[in-house]
Amino acid sequence: MISDRLEKIRKSLPPHVTLVAVSKTKPTTAIQEAYDVGQRDFGENKVQEMVEKADQLPKDIRWHLIGHLQSNKVKYIAPFVHLIHSVDSIKLLSEINKQGLKLGRIIDCLLQFHIAQEETKFGFELSEVLELLDSTDYNNHTNIRICGVMGMASFTEDETQVRAEFKTLHANFIQLKNVYFKNADFFDTISMGMSGDFQMAIEEGSTLVRVGSTIFGGR
Ligand SMILES: *Cc1c(COP(=O)(O)O)cnc(C)c1O
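Draft legend 1. Spotlight on the environment of P15. Structurally, the position occupied by P15 is in the loop between helix 1 (2-12) and strand 1 (18-22). The class of P15 is exposed, set by a relative accessible area of 88%. Once the C-alpha coordinates of P15 and T207 are considered, the two residues, 192 residues apart in sequence, prove to be 9.4 Å apart.

Draft legend 2. View of the nonpolar core. The biggest cluster of nonpolar side chains holds 61 residues, and the ones touching the most others in it are I96 and I215. It is helix 8 (residues 159-180) that provides the largest number of residues to this core, a total of five residues. Not counting the four nearest positions on each side in its chain, I96 is found in contact with V74, I84, V87, I107, C109 and I144. V20, L83, L110 and L208 belong to the second-largest nonpolar core, a separate cluster that totals six residues.

Draft legend 3. Representation of the environment of I96. Counting through the fold element by element, I96 comes out in helix 5 (residues 90-103). Remark: the alpha-carbon pair of I96 and A78, spanning 18 residues in sequence, is separated by 7.2 Å.

Draft legend 4. Looking closely at the environment of G43. Mapped onto the fold, G43 is located in strand 2 (residues 41-44). Once residues lying within four places of it in the same chain are set aside, the contact partners of G43 are V20, A21, V22, S23, K24, H64 and I66.

Draft legend 5. Spatial organisation of the site of the ligand. Inspection of the region around the ligand gives V22, K24, I66, M150, M152, M194, S195, R210, V211, G212, S213 and R219 as its neighbouring residues. In the model, a nitrogen atom of the ligand is placed 2.9 Å from a nitrogen or oxygen of the R210 side chain. Contact with the protein chains covers 90% of the free accessible surface of the ligand, which is 390 Å².

Draft legend 6. Region of interest: the packing of helix 6 (residues 126-134) against helix 8. Running from N to C, helix 6 and helix 8 point in directions that differ by 20 degrees, and their axes come no closer than 12 Å. By the angle between their axes, helix 6 is roughly parallel relative to helix 8. The two elements helix 6 and helix 8 meet at a crossing, and its hand is right-handed. Here L126, V129, L130, L133 and D134 of helix 6 come into contact with helix 8, specifically with N172, Q175, L176 and Y180. When its residues are assigned to classes, the contact of helix 6 with helix 8 shows six nonpolar, two polar and one charged.

Draft legend 7. Here's a closer look at the packing of aromatic side chains. Going through the model one piece at a time under the given rule, you end up with three aromatic pairs. Ring centres of F173 and F187 lie 4.9 Å apart, and the angle between their planes is 5 degrees; this geometry places the pair in the stacked category. Placement of F173 in helix 8 and of F187 in the loop between helix 8 and strand 7 (189-191) is noted, with a sequence separation of 14 residues between them. Between F181 and F187, the ring centres sit 4.0 Å apart and the planes meet at 0 degrees, which makes this aromatic pair stacked. For the pair F181 and F187, one class covers both residues: buried.

Draft legend 8. Inspection of unusual backbone geometry at higher detail. The phi dihedral of T25 is positive, around 70 degrees, even though this residue is not glycine. Here T25 lies in the loop between strand 1 and helix 2 (28-36). Residue classification places T25 among the exposed residues on the basis of a relative accessible area of 54%.

Conventions adopted
Residues numbered from 1 in each chain as written. Predicted model: local features only at pLDDT ≥ 70, side-chain atom pairs only at ≥ 80, totals over all residues. Heavy atoms only, no water. Helix = DSSP H or I, 4+ residues; strand = E, 2+ residues; numbered from the N terminus. Buried < 20%, exposed > 50% of the residue type's maximum accessible area, 1.4 Å probe, protein only. Core = buried A, V, L, I, M, F, W, Y, C linked by side-chain atoms within 4.5 Å. Contact = heavy atoms within 4.5 Å. Near = heavy atom within 4 Å. Polar contact = N/O pair within 3.5 Å; in protein donor to acceptor, adjacent residues only side chain to side chain. Areas by Shrake-Rupley, 256 points an atom, 1.4 Å probe, with all protein chains shown as cover. Axes fitted to C-alpha atoms, helices over the stretch in contact; angles between N-to-C directions. Parallel < 35°, antiparallel > 145°, perpendicular 65-115°, else oblique. Left-handed = near helix turned anticlockwise from the far one by under 90°. Nonpolar A, V, L, I, M, F, W, Y, C, P; charged D, E, K, R; others polar. Phe/Tyr/Trp six-rings, centres within 6.5 Å; stacked < 30°, edge-to-face > 60°.

See below:
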């Protein structure tokens, strides 16, 4: 049962780690079941699916957008999204800021890093992020708040490689913290780890794990 699987994972997590239950492709009944045993953070990777589910479910759910986000769709989630994990361009960040401005809302975001070997995964290189954080465009944004970093490791059985990728993301976080966010207590999130690798991600410094199939079953 969903509640049993959730409970088991929760018990295994250190108190500083947030569990986001990734409910993509799963029905609202499954989300409600998790909600009923206290789960409040849920992750979706598609805008339309998140909007439809948010509409039907309790309003105190914290919705996390974890999939690639197109700029023209930001407006649909801007009024309610809790955290956008997948910011991968300055263009997207500017659009989030614009929508936040319209709503009088500061929207929390993570910068997605490309840490995997696969070409297909989205995300910044460190040099691009340094450039972004130095840019006047970024520094004029009043309605976004960068709360940390996100990354997806390679889809591989090679634990040494996955661990090295998590270490890279952690090191990037530390560098950004030291250079740009030293006194910013909101810059505190390292979103890494999924069903197959979240224990290792926590060992490597994750503060937020995104777990889907281990809670809700396979997709
Ligand atoms: C689907 C997804 C997850 C959860 O994956 P599981 O292997 O089912 O735990 C985590 N992060 C992102 C970005 C995803 O798209």
